[in-house]
Amino acid sequence: DTAFLKNFTVPDPDMPERLAGLPKIVANHKKERAVAYGLRAMFLWAANLVGLDNLLVYMLTEPEFVHDLLETILQAQIRLAVNAVRAGADIIVETDDYAFNNGPLMSPELFDLFITPRLARFAEAVHREGGFFLKHTDGNIMKIMDSFVAAGIDGIQSLDPIAGMDMAEMKAKYGKKISLWGNIDCGNLLADGTVDDVKKAVRECILAGAAGGGFVLMSSNSIPYSAKPENYLAIIQGAKEFGTYPLRG
């Protein structure tokens, strides 16, 4: 493991090409829209390097190696995020996934040992540059939600009803602490549901999440190729139809 880290070099975060098309997007859209830049922190990059199963085992058997590996990756990713904000990004979307549909990949205790303090440093660095820090993760994350809040994130994205992430529960527990993004099923609903099904879900989601602000209506992850175009449009149409104040039940 020592030899692995000794020979491991992260890509240079200061290479201009690491920002891809961000400068052009900023130049063309900054005045009309918030600009977001997505990148991972450290967990999934580490999993790609040593294997997910191995990484989780190493947290128990070789914790110092895991700390060193995560730290090496994190420092470069923070630098890249800072460069993105300085180039005009308003929001950094950090995209490490931490959970399956039935719960987190690791115990809350391990999460707080290896991940939470590093997410806090990442969020702090972005905030220091004037940006917002939006955390993406799939799956059921209820057991680690308090850790996300403690880390100082500004919002959580990809709240998935299929994974048991109920918008009304999230709003009651966390709606005054962070921004909530979701919670329209991007799988079966957008692929196999009807326009009426989607609009019903949109209405229920808005009623559960929108009161008091801090809510962004969107799919539970992305808009996949399997989604029917009319169902994608139904999200937008439903938002225009139901997403006005005052909200009524």
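First, a word on what this report is: a plain description of the structure on this page. The structure displayed is predicted, hence computed values, not measured ones. Sequence order as written defines residue numbering, which begins from 1 separately in each chain. Given that the model is predicted, a residue must reach a pLDDT of at least 70 before its local features are reported, and side-chain atom pairs must reach 80 or more before they are shown or counted; all residues, however, enter totals for whole chains, interfaces and linings. Only hydrogens and water are set aside when side-chain values are computed; all heavy atoms of the structure are taken into account.

## Some remarks on the overall build of the protein chain
- Of the regular secondary structure elements, the protein chain holds twelve helices and eight strands.
- Taken against the 2.2 N^0.38 rule, which gives 18 Å for 249 residues, the C-alpha radius of gyration of the protein chain at 19 Å falls within 12% of a compact globule.
- The 249 residues of the protein chain split such that 46% are buried.
- Long-range contacts, defined as pairs at least 24 residues apart, comprise 74% of the intrachain contacts of the protein chain with a sequence gap of at least 6.
- Charged residues are defined here as Lys and Arg on the positive side and Asp and Glu on the negative side; His and the ends of the chain fall outside this count. All charge positions are set by atom: Lys at NZ, Arg at CZ, Asp at CG, Glu at CD. Each charge class in the protein chain can be summarised by its mean position, and for the 24 positive and 31 negative side chains these summaries are 8 Å apart. Going along the chain from the N terminus, every DSSP run of H or I of four or more residues is numbered as a helix, and every run of E of two or more is numbered as a strand. Atoms considered for the radius of gyration are the C-alpha atoms alone. The globule rule reads 2.2 Å times the number of residues to the power 0.38. Only protein chains enter the accessibility calculation, which uses a 1.4 Å probe. A residue is then buried if its area is under 20% of the maximum for its type, exposed if over 50%, and partly exposed in between. The contact definition used throughout considers only heavy atoms, calling two residues in contact when any of these lie within 4.5 Å.

## Some words on helix H7 (residues 116-128)
- By this rule, a helix spans an expected 1.5 Å times one less than how many residues it contains. In this model, H7 (13 residues) spans 18 Å end to end at C-alpha, consistent with the 18 Å of a helix rising 1.5 Å per residue.
- Structurally, H7 contributes buried residues whose contacts are with strand E1 (36-39), helix H5 (63-86), strand E2 (91-94), helix H6 (108-114), strand E5 (132-136) and helix H8 (145-150).
- Two residues or fewer after H7 comes Gly-130, characterised by a positive phi angle close to 95°.

## Examining unusual backbone geometry
- Backbone torsion omega between Gly-182 and Asn-183 reads 15°, so that peptide bond is classified as cis.
- With respect to the helices, strands and loops of the structure, Asn-183 is situated in strand E7 (residues 179-184).
- At Ala-20, a position not held by glycine, the phi torsion is positive, near 50°.
- One can find Ala-20 in the loop between helix H1 (2-6) and helix H2 (22-29).
- Ala-20 sits in the exposed class, given a relative accessible area of 62%.
- Backbone geometry at Ser-158 places phi at a positive 90°, although glycine is not the residue there.

## Let's talk about the pattern of salt bridges
- We count a salt bridge whenever a side-chain nitrogen from Lys or Arg sits within 4 Å of a carboxyl oxygen from Asp or Glu. Counted according to the given criterion, the structure contains nine salt bridges.
- Notably, a salt bridge pairs Glu-71 with Arg-118, separated by 3.0 Å at the nearest N-O pair. Note that Glu-71 is positioned in helix H5 and Arg-118 in helix H7, a separation of 47 residues in sequence. By the burial criterion, Glu-71 is buried, and Arg-118 matches it.
- Notably, a salt bridge pairs Lys-173 with Glu-169, separated by 3.0 Å at the nearest N-O pair. One end of the pair, Lys-173, and the other, Glu-169, are both in helix H9 (residues 167-174), four residues apart, so they sit about a helical turn from each other.
- The partly exposed category is assigned to Lys-173, whose relative accessible area is 42%.
- Look at the salt bridges and you will find they share partners, linking Glu-71, Arg-118 and Arg-121 into a network.

## A closer look at the environment of Glu-230
- In this fold, Glu-230 is placed in helix H12 (residues 229-242).
- Sequence separation between Glu-230 and Leu-70 is 160 residues, and the spatial gap between their C-alpha atoms is 42 Å.

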